[in-house]
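Chain residues, written in single-letter form:
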Amino acid sequence: MADISRVPFLCHLRSTPTAYIRHQRGAAVAHEGVGLVFWYRPRTAVISEVPVDDRELAVLFHARTADFQDVAVQATVTYRIADPVLAATRLDFGIDPELGTWREKPLDQLAGMINESAQQYASDLLARTPLTTALAEGVPVIRARVTDGLRGDARLVQTGVSVVGVRVVAVRPAPDVEKALRTPTREQIQTEADRATYGRRALAVEQERRIAENELQSKIELAVRAERLVTQEGANEQRRMTEQAAAARIAAAAEAERAETAARSQAERVRVEAAARAEAVRLVGQAEAEAEAARVAAVTGLDTSAMVALAVRDLADHLPAIGALTITPDVVTETVARFVRAGASR
């Protein structure tokens, strides 16, 4: 809105770049244009302010299709007042000279006009269009129809309004109809989802079967390898036992050979020792015999008294220690006779 300041008996107006100001004094136009600044007397001034910027109007209305179904159309219309002079003559854009506010509501009147015109053009089109076609292809068709209709509308043209563009946001049926229309698609989607679920389950079962088969094959392979391992271990054990038996036989043969060699060595040693002892005994006997012969030869030819003396000496050598000895003539006679006989026998 214009900025109005007051002093006694006068007012000062400063408009905006997007507002067309028309100042009349009586039948004459004192000021007219965009972005004006001027002084005026409020008692004699008639001022109109027409916005010339682009404005957007949200449009929402209901219409009926060819198959008697109710649909809601939501759109946005962008418009501007291209001829503010004409608009000021067709609609009341007059403002209070002292307050700067509109006396009426011209933009609401203009919005109602545009809304009714857009609804009329869209309803005419939807009345000849089935519901499914309107829902599937209605947005661009309605947008083109409403745009062409508003741009060529006589009331808007005579009011100086230019339609910049139309955007159709949505075309929606009644909630129950929309639910019914969604049901086949939803069921189809659910069917596809179930098919995908079943396929996934079947694939999972197939994968599980393959995994089970792989596990079973792995167990069979492990069992075969275990059997081969047991067989190999048995063969290795048998080979080890055979080698141990062969080693034991070799050790036993070596031990027997060593024992035999030792026995032979022991027997040879015993034989040698026995031969040595026999030779020693023989030599000792031979030496004793030679000594005895020498003794015999030494006493040969001796008289009886000498022989008795020798016999007594030998006897004394073989007798134990005697502390006291009593010799009677009988004893001496008997002893001497015994030695004599012994000597004579030799």
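It should be emphasised that the depicted structure is a prediction, and the values quoted were computed from it without experimental measurement.

Visitor: Help me get a handle on empty space enclosed by the protein, residues and values and all.
Guide: All told, the structure shown has one cavity of 30 Å³ or more when counted by the stated rule. Taken as a whole, the largest cavity holds about 40 Å³ of empty space. Lining the largest cavity we find Val 59, Phe 61, Val 73, Ala 75, Val 77, Ala 118, Ile 142, Val 146, Val 166 and Val 168. Ranked by the residues each element gives to the lining of the largest cavity, the list is headed by strand E8 (residues 70-81), at three residues.

Visitor: Any chance you could break down the sheet that holds E8 for me, citing the residues and the numbers?
Guide: Taken together, the three strands give an open sheet; going across it, the order is E7-E8-E10, and neighbouring strands pair in antiparallel fashion. The open sheet has two edge strands, strand E7 (55-64) and strand E10 (161-173), and neither has a second partner. Taken pair by pair, the neighbouring strands of this sheet meet at an average axis angle of 20 degrees, ignoring direction. Note that E8 and E10 share 11 bridges and pair antiparallel. Residue pairing for E10: Ala 75 is matched across the bridge by Val 168. Sheet strands touched by helix H2 (residues 106-126): E7, E8 and E10. Its angle to E7, the strand with the most contacts, is close to 40 degrees. Contacts from helix H3 (residues 131-151) reach E8 and E10 within the one sheet, and its direction differs from that of E10 by about 165 degrees.

Visitor: How would you summarise the confidence of the model for the protein chain if you had to cite specific residues and measurements?
Guide: Any region with low pLDDT has predicted coordinates that should not be read closely. With 88% of its residues at a pLDDT of 70 or more, the protein chain has an overall mean of 85. Across the protein chain, the secondary-structure element scoring lowest on mean pLDDT is helix H6 (residues 304-318), at 65, and the one scoring highest is E8, at 94.

Visitor: Please set out the packing of H2 against H3 residue by residue, giving values where relevant.
Guide: Where H2 contacts H3, the axes come no closer than 9 Å and their chain directions differ by 135 degrees. In terms of axis orientation, H2 runs oblique to H3. Taken as a pair, H2 and H3 cross one another with a handedness that is right-handed. For the pair H2 and H3, contact is made by Ile 114, Ser 117, Ala 118, Tyr 121, Ala 122, Leu 125 and Leu 126 and by Ala 134, Val 141, Ile 142, Arg 145, Val 146, Gly 149 and Leu 150, respectively. Looking at the contact of H2 with H3, its residues break down into 11 nonpolar, two polar and one charged.

Visitor: Explain the nonpolar core to me, using residue names and the numbers behind them.
Guide: Counting 39 residues, the largest nonpolar core has Ile 114, Ile 142 and Leu 150 as the members making the most contacts within it. Secondary-structure elements contributing two or more residues to this core are E7, E8, helix H1 (84-90), H2, H3 and E10. Per element, the largest residue contribution to this core is 10 residues, and it comes from H2. Here Ile 142 is in contact with Val 73, Ala 122, Leu 125, Leu 126, Val 168 and Val 171, once residues within four sequence places are set aside. Core analysis: the next-biggest nonpolar cluster, separate from the first, contains 11 residues, Ile 4, Ile 21, Leu 36 and Ile 95 among them.

Visitor: So what's going on with the packing of aromatic side chains? Residues and values would help.
Guide: Describing an aromatic ring pair means giving the distance of the ring centres and the angle of the ring planes. Here the structure, examined in full by the defined rule, presents two aromatic pairs. Ring centres of Phe 38 and Tyr 40 lie 5.8 Å apart, and the angle between their planes is 55 degrees; this geometry places the pair in the tilted category. With a centroid separation of 6.2 Å and an interplanar angle of 70 degrees, the aromatic rings of Phe 93 and Trp 102 are classed as edge-to-face.

Visitor: Give a description of the pattern of salt bridges that names residues and reports values.
Guide: Inspection of the entire model under this criterion finds 16 salt bridges. With its nearest N and O atoms 3.5 Å apart, the salt bridge here joins Asp 54 to Arg 80. Pair noted here: Asp 54 is in the loop between strand E6 (46-51) and E7 and Arg 80 is in strand E8, with a separation of 26 residues, a long-range link. The partly exposed category is assigned to Arg 80, whose relative accessible area is 32%. A salt bridge links Glu 56 to Arg 167; the nearest nitrogen and oxygen atoms lie 3.5 Å apart. One end of the pair, Glu 56, is in strand E7; the other, Arg 167, is in strand E10, with 111 residues separating them in the sequence. The class of Arg 167 is partly exposed, set by a relative accessible area of 42%. Because the salt bridges share partners, they merge into one network encompassing Glu 206, Arg 209, Arg 210 and Glu 213.

Conventions we followed
Residues numbered from 1 in each chain as written. Predicted model: local features only at pLDDT ≥ 70, side-chain atom pairs only at ≥ 80, totals over all residues. Heavy atoms only, no water. 1 Å grid on protein atoms, 1.4 Å probe; cavity = no way out; pocket = protein on both sides within 12 Å on 5 of 7 lines; lining within 4 Å. Points joined across faces, edges and corners; volume = space filled by probe spheres on them. Helix = DSSP H or I, 4+ residues; strand = E, 2+ residues; numbered from the N terminus. Pairing = 2+ DSSP bridges. Axes fitted to C-alpha atoms, helices over the stretch in contact; angles between N-to-C directions. Contact = heavy atoms within 4.5 Å. pLDDT = per-residue confidence, 0-100. Parallel < 35°, antiparallel > 145°, perpendicular 65-115°, else oblique. Left-handed = near helix turned anticlockwise from the far one by under 90°. Nonpolar A, V, L, I, M, F, W, Y, C, P; charged D, E, K, R; others polar. Core = buried A, V, L, I, M, F, W, Y, C linked by side-chain atoms within 4.5 Å. Buried < 20%, exposed > 50% of the residue type's maximum accessible area, 1.4 Å probe, protein only. Phe/Tyr/Trp six-rings, centres within 6.5 Å; stacked < 30°, edge-to-face > 60°. Salt bridge = Lys/Arg side-chain N within 4 Å of Asp/Glu carboxyl O.

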